[in-house]
Amino acid sequence: MSVSKETSDTDVKKTSDFSILGILTSTLKKVSFIGVVYLAGYMQWSVAWLIGPLVLSVIREHWKQSRDQRRNAAKLVALSSEKEVVLARLNDLPAWVFFPDIERAEWLNRIMKQLWPSVNLFVKQIVRDSIQPKLKESLEKFKLSGFKFERIILGTVPFRIGGVKVYDKNIDRNEIVMDLDIFYAGDCDVTFYLSGIKGGIKDFQLHGMLRVVMKPLITSPPLVGGLQVFFLNNPDIDFDLVGVADVLDIPGLSDILRRIVLETVANLMVLPNKFPIKLSEEVEAIDLKTPEPEGVLRVHVVEAKHLMKKDIGMLGKGKSDPYAVITVGAQNFKTKVIDNTVDPKWDYWCEFKILESNGQQLYIHVWDKDDTGDNESLGKATVEISNIVSKGTENTWVVLEQAKHGMIHLRFTWLSLSKDYNDLKSILAETQMLQVSTLSTSLFTVFVDSAKNLPQARMSTKPDPYVTLRVGGTTQETAHIMRTIHPVWENGFTFLVANPENDSFYLNVLDKKTNSDIGHFTFKIKSLADKPDLQVIKQPFPLSKSGPESKIVLSMHLRILKRVQEEQPQSSQPMPLERTESTISTASTDSTQALFKPSDGLPSALKQTEPSGIEELIEDSTVLSLNLAPEINTGEQLIHRNPSVTTSAGEAGLGRIQLTLRYSVQRQRLIVVVHKIANIPLKDPSNIPDPYVKLYLLPERAKDSKRKTQVIKDNCNPVFDETFEYVINQAELVGKRLEVTVCSQKQLFTNNSLGQVILDLSQLNLTQPYNAWLDLECQD
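The rules we used
Residues numbered from 1 in each chain as written. Predicted model: local features only at pLDDT ≥ 70, side-chain atom pairs only at ≥ 80, totals over all residues. Heavy atoms only, no water. Pairing = 2+ DSSP bridges. Helix = DSSP H or I, 4+ residues; strand = E, 2+ residues; numbered from the N terminus. Salt bridge = Lys/Arg side-chain N within 4 Å of Asp/Glu carboxyl O. Buried < 20%, exposed > 50% of the residue type's maximum accessible area, 1.4 Å probe, protein only. Contact = heavy atoms within 4.5 Å.

Asker: What am I meant to see in the sheet that holds strand E32 (residues 737-744) here?
Answerer: Backbone hydrogen bonds hold the strands of a sheet together, and the pairing may be parallel or antiparallel. Read across the sheet, 4 strands follow the order E30-E29-E32-E33 without closing on themselves; strand pairing throughout is antiparallel. Each edge of the sheet is formed by a strand with only one pairing partner; in this case those strands are strand E30 (707-708) and strand E33 (753-760). Of the strand pairs in this sheet, E32 and E33 are connected by 7 bridges, and their pairing is antiparallel. Across the sheet, the residue bridging to Glu-739 is Ile-758, located in E33.

Dropping the structure here:
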């Protein structure tokens, strides 16, 4: 009893002390603020000296609160039970995550919990040996020198595995492949020095799809020769800076550090980069560390239409200065900037080396260039690479997500790898026809094994050798090995080659300390044409300038790019991809003409004989503007469409609008296609309307749910064929209504509504395409 009373008295005392301390702190803050205001007035300072820091402080506080909320949510997930994690994320996980995988994830998480202390030591070594040097080098480009980790402790909360897939098809019998959906939001404790300033990292979070390849399988323990660990796509990474480094933790400055961390992780273990772990001495390093691409993905970013307007003009909204960034794993390309347009034509070509097509995605992000550096997003899109590989070619308009409107025209070609040098003739002919100097015809792979008897670059000590490799305009390099004349690198590299008949491979051995050349080697790639399978394995080559005993051991192989042809009738020849211009026509009565050139014919998905063909087409958002009836047969019979024209002006005499609606369960999106409007009444021949369509998801009528088509000038029968998407859970469709309003731009200062339709989404079966002509009614 006395103990309870004493405890109670102590609590009251602490509360009283805390209350007094809070009052004193609050009073001091107010006195300080009043004092600053008084001093500013007394010294006749500009009000900007007060407003500037105040605004920056408010922005920083709001930004940190938003990030703290995200991190706290991730922490709750990391501390939850395995079953709760997987069940809570079933809607977000890939289709292969089923209830048996929950038990598998629980089993793996228990193993991870037991292994976590050892994982701590292993990760600490990787960070110091691999990540720290790369971070230091990248930060020095921003004049931030002396980066070094002081303490690296991952804490007690291990990685969580939210889903598991073990592949049993389309894999080599000598390997085991599995994907792990991992996320980490633990209690790590990391401190570092940067430019003499001590800082720290807390609340480090990571989420991504990790692939683990166990290969080759061997007959002696440990039964697996090695591991290849890598992320299929860039993982999501976030962290909070503490200590003196917290000064950097404001928008803009901290983004530099985060970008460098993400790039460092990508260069280490995001495809095409893999992190190899050798488990047995029976296995040659070349089997684990040589890149093995499946093929090359050729991408043509043709143009975009009806992008959002972000620039401010003299009379309000101007246009935009758009450019696009195309990313696959750690590889990315950027188009040129097209000034002052919302309908840019880029005609940009790029190529990606694809090591794992299954599960990897292509991301395209369209931006508005701003001279201040504060570029604004115009939307983004995602394309599954495995879909392109199965088709061989793809020519599609893709709707931009996270944008009110906008579409981008993309063309893809999948190029497989051939060991037949005679295939070079056809791919050379195609690249010459396209007249694009940056395109490739072959893939050259080099494995730098080791060197022997290198000369000393300095009299007193042995060299710190590293190797640079160059093919065409691409240069790559190995890590440097400290103080040795017999270095072992065991690094593999791949290069895209424009023409192996003319191109050469250049190799230089350099000393890291003096950066002096201690040996070089030149190899004509055409020399591999006479070798079996176009390759040489672990062959020593003499180094020039190094002496007669200096050798470098290399493995090299060449693969010719070969276009995968779709199945064609015997009487017809496959058509190569042409460089003809493609545009969206606003007057076409059949939208397939706008999306595909006559030489392309119908989309490949419409040629399938299975009923699921058109479903896949709509799921992929490729040709969403087709006027499809609710029931479609994609067999050998004709595809039946609703009539594309109507003579009626509707019951209210305001005209009619044709829409297609569908809900994609797989992508969790409501898809709305605005096809056309017919028979808008013309009350004044001298004042023909300029119609456009606005969409809202009711009942909120929020700004985020607003979508808008382009304006068609002077037209009572406009054709839009524009597609819009809403990211929404299927359960949330109940109670939602879609408001479709037809407006005229010529009536800006009066009620510009020409008619309206409101659809109750809960009354429609949107798992199948709903296509209809709807009568416009007066707006409420």
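Having seen the structure, we can now continue with the description.
Asker: It is not clear to me how the environment of Pro-344 should be interpreted in this structure. Could you clarify?
Answerer: Looking at the element boundaries, Pro-344 is found in the loop between strand E13 (331-334) and strand E14 (345-354). Note: C-alpha distance between Pro-344 and Val-302 (42 residues apart in sequence) is 8.8 Å.

Asker: Looking at this structure, how should I read the pattern of salt bridges?
Answerer: Close approach of charged atoms lets side chains of opposite charge pair. Evaluation of the coordinates by the stated rule reveals 21 salt bridges. A salt bridge links Glu-490 to Lys-289, with the nearest nitrogen and oxygen atoms 3.4 Å apart. Here Glu-490 is found in strand E22 (residues 488-497), whereas its partner Lys-289 is found in helix H6 (residues 285-289), with 201 residues between them in sequence. By relative accessible area, Glu-490 is classed as partly exposed at 23%. Beyond isolated ion pairs, a larger network of salt bridges with shared partners links Asp-179, Arg-211, Lys-274 and Glu-356.

Asker: Would you mind going over the environment of Lys-706 with me for this structure?
Answerer: Here Lys-706 lies in the loop between strand E29 (691-698) and E30. Of the residues examined, Lys-706 reaches a relative accessible area of 25% and is grouped as partly exposed. Here the alpha-carbon distance between Lys-706 and Tyr-726, two residues 20 residues apart in the chain, equals 9.8 Å. The residues touching Lys-706, leaving out its near neighbours within four places in the chain, are Lys-404, Lys-694, Leu-695 and Tyr-696.

Asker: How should I be thinking about the environment of Gly-755 in this particular structure?
Answerer: Examined against the element boundaries, Gly-755 turns out to sit in strand E33. Since its relative accessible area comes to 1%, Gly-755 is described here as buried. Measuring from C-alpha to C-alpha, the distance between Gly-755 and Cys-743 comes to 7.3 Å, with 12 residues separating the pair along the chain. For Gly-755, the residues in contact, after removing those within four places along its chain, are Leu-654, Val-740, Thr-741, Val-742, Leu-776 and Glu-777.

Asker: In this structure, what is going on with the pairing of strand E26 (residues 551-563)? I would like to understand it.
Answerer: In the case of a regular strand, side chains alternate between the two sheet surfaces. Counting buried positions over the 13 residues of E26 gives 11, a clear majority of the element. Here strand E18 (residues 407-418) runs beside E26; their pairing, made up of 4 bridges, is antiparallel. Among the inter-strand pairings, Ser-416 is bridged to a residue of E26, identified as Lys-562. Bridge analysis of strand E19 (residues 442-452) against E26 gives 10 bridges, and the strand direction is antiparallel. In the strand pairing of E26, Ser-442 is matched with Ile-560. Note: strand E25 (residues 535-542) against E26, 6 bridges, orientation antiparallel. Looking across to E26, one finds that Pro-540 is bridged to Val-553.

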